[in-house]
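Here are the chains, one letter per residue:
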Amino acid sequence: MVREAKGQDLQEILELYLHLHETDVPQESAHLSAVWEEILTNRRYHLLVNEVDGHIVSSCVCVIVPNLTRGVRPYALIENVVTRADCRGKGYAGECLDFARKEAEKNGCYKIMLITGSREESTLRFYEKAGYSSQGKTPFVQLLP
């Protein structure tokens, strides 16, 4: 079942991110609590989780970005798409992306953008199967210290 994250999901989400690119779970801190609160209360930030048998197995973030072009229609950004390694290939991340697409449509978005750092063929095919195209845009990323 895909749903918006709730307050009690933080620890399980942080542990899920170990299957993405994180190497450890951040320690509890005022900063972590403040960021978590901001995520939970920001109406444009949707941290989506897919829960199976009471455990979060997959997740993605969908951010709705206000915009002054395209008829003043917003666009959506997808980030942090992840599924537990032992749960991959079962459609859980696809269900998260479907939920994110519906959220973008509900908010009147004219497009959804997703950038992946993965070069794995299976990952790229997964995004194509989910309706994303690597044609038409050239992504540039600048990582900050």
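Please refer to the structure placed before this passage.
Here goes a summary of the coordinates provided.

The rules we used
- Every residue gets a number counted from 1 within its own chain, in the order that chain's sequence is written.
- Per-residue local features are limited, in this predicted model, to residues with pLDDT of at least 70; the limit for side-chain atom pairs, both in listing and counting, is 80 or more; totals at the level of whole chains, interfaces and linings are taken over all residues.
- Hydrogens and waters are ignored; side-chain quantities use all the structure's heavy atoms.
- By the convention used here, strands pair only if DSSP detects at least 2 bridges between them.
- Counting from the N terminus, the helices are DSSP H or I runs at least four residues long and the strands are E runs at least two residues long.
- The axes are straight lines fitted to the C-alpha atoms, using for helices just the contacting stretch, and the angles between their N-to-C directions are given from 0 to 180°.
- By definition, a salt bridge exists where a carboxyl oxygen of Asp or Glu is found within 4 Å of a side-chain nitrogen of Lys or Arg.
- Burial status follows relative accessibility: with a 1.4 Å probe on protein chains alone, a residue under 20% of its type maximum counts as buried, one over 50% as exposed, and anything between as partly exposed.
- Two residues qualify as a contact provided that any one of their heavy atoms is within 4.5 Å of a heavy atom in the partner residue.
- Here, nonpolar core means buried Ala, Val, Leu, Ile, Met, Phe, Trp, Tyr and Cys residues that are tied together by side-chain atoms lying within 4.5 Å of each other.

**Focus on the sheet that holds strand S2 (residues 45-52)**
Reading across from one edge, S1-S2-S3-S4-S5 is the order of the five strands in this open sheet, with mixed pairing throughout. Only two strands of the sheet have a single partner each, and these edge strands are strand S1 (2-4) and strand S5 (112-114). Between one strand axis and the next, the sheet turns by 30° as a mean value, whatever way the strands run. Relative to S2, S1 runs antiparallel, the two sharing three bridges. Within S2, the position partnered with Arg3 by the bridge is Val49.

**Some thoughts on the pattern of salt bridges**
Two side chains bearing opposite charge may form a pair once their charged atoms approach each other closely. Enumeration according to the criterion identifies six salt bridges in this entry. A salt bridge links Glu51 to Arg3; the shortest N-O distance between them is 3.1 Å. One end of the pair, Glu51, is in strand S2; the other, Arg3, is in strand S1, with 48 residues separating them in the sequence. Of the residues examined, Glu51 reaches a relative accessible area of 22% and is grouped as partly exposed. Between Asp86 and Arg84 there is a salt bridge whose closest N-O contact spans 2.6 Å. Through salt bridges with shared partners, a single ionic network connects Arg3, Asp9 and Glu51.

**Considering the side chain of Glu103**
Relative to the helices and strands, Glu103 is located in helix H3 (residues 92-106). Discounting chain neighbours no more than four positions away, the residues touching Glu103 are Glu4, His46 and Ile64.

**Examining the environment of Leu114**
Inspection of the secondary structure assignment puts Leu114 in strand S5. When the C-alpha atoms of Leu114 and Val57 are compared, they prove to be 20 Å apart, with 57 residues separating the residues in sequence. Residue contacts for Leu114: discarding those within four places in its chain leaves Ile78, Val81, Leu97, Tyr127 and Tyr132.

**As for the pairing of S2**
Note that S2 and strand S3 (residues 55-65) share eight bridges and pair antiparallel. Bridge assignment links Leu48 to a residue of S3, and that residue is Cys60. Hairpin geometry of S2 and S3 is characterised by an intervening segment of two residues between the two adjacent antiparallel strands and by a positive phi of about 50° at Asp53.

**With respect to unusual backbone geometry**
At Asp53, a residue that is not glycine, the phi angle is positive and equals roughly 50°. In this model, Asn80 sits at a positive phi of 55°, which is unusual for a non-glycine residue. The topology assignment puts Asn80 in strand S4 (residues 75-83).

**Looking at the side chain of Thr83**
As for its position among the elements, Thr83 is in strand S4. Overall, the relative accessible area of 8% leaves Thr83 in the buried class. Setting aside residues up to four positions removed in sequence, Thr83 forms contacts with Leu16, His19, Val57, Ser58, Arg88 and Ala93.

**Overview of the nonpolar core**
Counting 17 residues, the largest nonpolar core has Cys60, Ile78, Val81, Leu97 and Leu114 as its most contacted members. When residues of this core are traced back to their parent elements, those giving at least two are S3, S4 and H3. Per-element tally for this core: the top contributor is H3, with five residues. When neighbours within four sequence positions are excluded, Leu97 is seen to be in contact with Cys60, Ile78, Val81, Leu114, Phe126, Tyr127, Ala130 and Tyr132. Within the second largest apolar cluster, 14 residues are counted, among which are Leu16, Leu32, Ile56 and Val61.

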